[in-house]
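Inside the fold
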Amino acid sequence: RASILMVFNAFPSISIIDLHRIIQVPLDELKRQLKPLVSKKYKVLNKTPPAQYDVNHLLSVNLSYNPARRKIRIPLVAAKTSDPERRQNILAVREDRKHAIEACIVRVMKSRHTLEHVRLISEVSAQLMLHFKPDPRDIKKRIEDLIGRNIWNARDEIKLLTIILRVDLLHQ
């Protein structure tokens, strides 16, 4: 936004398309940056005509703008994400969390060697709570996956699953 405002040091008014050519920012991003500057709340810039956004509309500095404070913060309009992007982001977050859960399980088991299933889940949840709220079902899936990969031995004792670290497999 600073580069947009700097252009007005050289030009008293400029069209959106000319601004686009000068600062060489994509039109969608330029529109996103301009919206808060011409909004009714801040009105740092005047846009004629005030309705809609067209590349031929003129922008000028609002000389009557007088903020209450010397320093102001003008928030940026949030970018819209499409459904495929959103799904891709969700999948990437799940994958990252899966690795974080596994790493936490391994850390806990390296320090304890033997631990009841319920205590393992609660301890992993407590450690991961600093970063995100883990779902116990995801932790159980990661434990089952680690057992399936023969990193852990599992045995049933008095209806409680006890997980035993196989140190020999971790040091290969």
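What counts and how
Residues numbered from 1 in each chain as written. Predicted model: local features only at pLDDT ≥ 70, side-chain atom pairs only at ≥ 80, totals over all residues. Heavy atoms only, no water. pLDDT = per-residue confidence, 0-100. Helix = DSSP H or I, 4+ residues; strand = E, 2+ residues; numbered from the N terminus. Contact = heavy atoms within 4.5 Å. 1 Å grid on protein atoms, 1.4 Å probe; cavity = no way out; pocket = protein on both sides within 12 Å on 5 of 7 lines; lining within 4 Å. Points joined across faces, edges and corners; volume = space filled by probe spheres on them. Nonpolar A, V, L, I, M, F, W, Y, C, P; charged D, E, K, R; others polar. Buried < 20%, exposed > 50% of the residue type's maximum accessible area, 1.4 Å probe, protein only. Pairing = 2+ DSSP bridges. Axes fitted to C-alpha atoms, helices over the stretch in contact; angles between N-to-C directions.

Attention now goes to the confidence of the model for the protein chain. A residue-level look at the protein chain finds 85% of positions with pLDDT of 70 or above and a mean pLDDT of 80. Here helix α7 (residues 167-170) stands out as the least confident element of the protein chain, with mean pLDDT 46; helix α5 (residues 117-128) is the most confident, with 90. Scored below 50 in pLDDT, residues 156-161 makes 9 contacts in the model with residues more than four places away or belonging to other chains. Below pLDDT 50 for its whole length, residues 167-172 participates in 6 contacts with residues either more than four positions away or in separate chains.

In this section: the layout of surface pockets. Computed from the structure, the second largest pocket encloses a volume of approximately 220 Å³. Around the second largest pocket, the lining residues are Val93, Arg94, Arg97, Lys98, Ile101, Phe132, Lys133, Pro134, Asp135, Asp138, Lys141 and Arg142. With 5 residues, helix α4 (residues 83-112) is the single largest residue contributor to the lining of the second largest pocket. In terms of residue class, the lining of the second largest pocket is built from 4 nonpolar, no polar and 8 charged.

Structurally, Phe8 can be placed in the loop between α1 (2-7) and β1 (13-15). Among the residues examined, Phe8 registers a relative accessible area of 9% and is labelled buried. Separated by 52 residues in sequence, Phe8 and Ser60 place their C-alpha atoms 7.4 Å apart. The contact partners of Phe8, leaving out residues within four places of it in the chain, are Ile14, Leu45, Leu59, Ser60 and Val61.

So, on to the sheet that holds strand β3 (residues 58-61). Read from one edge of the open sheet, 3 strands run β1-β3-β2, paired in antiparallel fashion. At either margin of the open sheet sits one strand with a lone partner, and together these are β1 and β2 (45-48). Adjacent strand axes in the sheet meet at a mean angle of 25° when their direction is disregarded. Looking at chain direction, β2 and β3 are connected through 4 bridges and run antiparallel. In the sheet register, Asn46 faces β3, and the bridge partner there is Ser60. Together, β2 and β3 form the strand contacts of helix α3 (residues 27-38), whose direction differs from that of β2 by roughly 105°.

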